Amino acid sequence: DAEKIARFLALSDLYHDIGFHRKSAFFKRVAAMRCVAPQNPHHDWAACYRLMLGAVDGYSIRLGEEGAPKEGWPALQVQLLQELVGTSRKMGAHAASTRHMAFLIQNMFPSLTQAERQDFSAQLAVLSTRAGAEPVPISLENGVLLPPVPLCSLPTVLQFQPQPLPPNLAPFPRRNS
C-alpha cells in the first residue's frame, strides 16, 4: 500500500510540474484515499487529511475565500469537501470538520439538492455540538489557516401567505351578557 501511495504521489508531482493541476489534485486525492483504504491494515487518517488539503487547490476550492468556486465541477468539489469533513472527523479534529461542513454549506449551497441541504445541515448540527462554533480562525498543523465561515447563504423568505386556523383554534367573537 505504501508503494501504491508513493506511485500516486509521484504521478501527482509529475502532473503538477507540467502544469496539469486538476490532474495532479486527482492523483493526490487517490493517494489520500489509499491511506485509509479497507485493504490497508494501517489507516493513516492524518496523512489522508494532509493529502486532501493539498488537493483542494486543484479542484479550484479556496478555503480562505468566501463565495462559490468560479470554475470546476461542483459535484466533485462537494465530494472533496465531504471527504475532508469525514477525514477530519475520523482524526478527532472536530473543530476542523465543523469548519469544513460550514464552508461546504455556505459556498456550495446553490449546487446542492434539497436533500443534500437537509442532510448537510443535520450533519453540521451534530458536528457543532461536539466542537462548538467559535468565530476564530483555526490553524492546522501544516500551516493552513481555516477562517471563520459566516453562514449567510441560508434561504430567504420571498413571500408567505397566512393559512386559516383549524376550527377548534379559530377565534370567535365574545358575547356581551
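Look above for the structure.
Residues numbered from 1 in each chain as written. Predicted model: local features only at pLDDT ≥ 70, side-chain atom pairs only at ≥ 80, totals over all residues. Heavy atoms only, no water.

Undergrad: Residue-level account of the packing of helix H1 (residues 2-17) against helix H2 (residues 21-35), with values.
TA: Between H1 and H2, whose axes approach to 7 Å, the crossing angle comes to 165°. Put simply, H1 runs roughly antiparallel to H2. In this structure, H1 meets H2 at a crossing whose hand is left-handed. Within the contact between the two elements, H1 uses Lys4, Ile5, Phe8, Leu9, Leu11, Ser12, Tyr15 and His16 and H2 uses His21, Lys23, Ser24, Phe27, Lys28, Val30, Ala31, Arg34 and Cys35. Of the residues contributing to the contact of H1 with H2, the split by class is nine nonpolar, four polar and four charged. (Axes fitted to C-alpha atoms, helices over the stretch in contact; angles between N-to-C directions. Helix = DSSP H or I, 4+ residues; strand = E, 2+ residues; numbered from the N terminus. Parallel < 35°, antiparallel > 145°, perpendicular 65-115°, else oblique. Left-handed = near helix turned anticlockwise from the far one by under 90°. Contact = heavy atoms within 4.5 Å. Nonpolar A, V, L, I, M, F, W, Y, C, P; charged D, E, K, R; others polar.)

Undergrad: Now, about helix H6 (residues 114-131): what can you tell me, with residues and values included?
TA: Compared with an ideal rise of 1.5 Å per residue, which puts 18 residues at 26 Å, H6 spans 26 Å between its outermost C-alpha atoms and is within 8% of the ideal. Within H6, burial applies to Phe120, Leu124 and Leu127. Seen from one end, H6 has its buried residues packed into an arc of 70°, which puts them on one side. Exposed side chains of H6 directed beyond 90 degrees from the buried face belong to Gln114, Ala115, Gln118 and Thr129. Of the surrounding secondary structure, the elements contacted by the buried residues of H6 are helix H4 (74-91) and helix H5 (94-108). (Expected span 1.5 Å × (residues − 1). Buried < 20%, exposed > 50% of the residue type's maximum accessible area, 1.4 Å probe, protein only. Arc of directions from axis to C-beta.)

Undergrad: Hey, could you go over the state of the cysteines for me, with residue numbers and the actual values?
TA: As enumerated under the stated definition, the model contains zero disulfides in all. Here Cys35 is not disulfide-linked; the sulfur of Cys48 is the nearest cysteine sulfur, at 6.0 Å. Its relative accessible area of 5% is what places Cys35 among the buried residues. (Disulfide = S-S within 2.5 Å.)

Undergrad: An account of unusual backbone geometry is requested, with residue identities and associated values reported.
TA: Most of the time, phi is negative for any residue but glycine, and the peptide bond is trans. Its identity is not glycine, yet Ser60 carries a phi of approximately 65°, on the positive side. You can see Ser60 is positioned in the loop between helix H3 (45-55) and H4.

Undergrad: If you had to explain the nonpolar core to someone new, which residues and values would you point to?
TA: The biggest cluster of nonpolar side chains holds 37 residues, and the ones touching the most others in it are Ile61, Leu63 and Leu81. Within the residue set of this core, elements represented by two or more residues are H2, H3, H4, H5 and H6. Discounting chain neighbours no more than four positions away, the residues touching Leu81 are Ile61, Leu63, Phe103, Leu104 and Met108. (Core = buried A, V, L, I, M, F, W, Y, C linked by side-chain atoms within 4.5 Å.)

Undergrad: How would you explain the side chain of Glu83 if you had to name every residue and give the values?
TA: Tracing the chain through its elements places Glu83 in helix H4. By relative accessible area, Glu83 is classed as buried at 16%. Residues contacting Glu83, with those up to four places away along its chain left out, are Arg29, Met33 and Met52.

Undergrad: I'd love a proper account of the side chain of His100, names of residues and values included.
TA: The residue His100 is located in helix H5 in this model. The class of His100 is buried, set by a relative accessible area of 1%. When near neighbours in sequence (up to four residues on either side) are disregarded, His100 contacts Tyr49, Leu53, Leu63, Leu84, Val85, Ser88 and Leu146.

Undergrad: I'd love a proper account of the packing of H3 against H4, names of residues and values included.
TA: How two helices sit against one another is set out by the angle between their axes and by the gap between those axes. Closest axis-to-axis distance for the H3/H4 pair is 9 Å, and the angle between their directions is 150°. With respect to H4, the element H3 is oriented roughly antiparallel. In the packing of H3 onto H4, the handedness of the crossing is left-handed. Contacts from Trp45, Ala46, Cys48, Tyr49, Met52, Leu53 and Ala55 of H3 reach H4 at Leu80, Glu83, Leu84, Thr87, Ser88, Lys90 and Met91. Across the contact of H3 with H4, the residue classes tally to 10 nonpolar, two polar and two charged.

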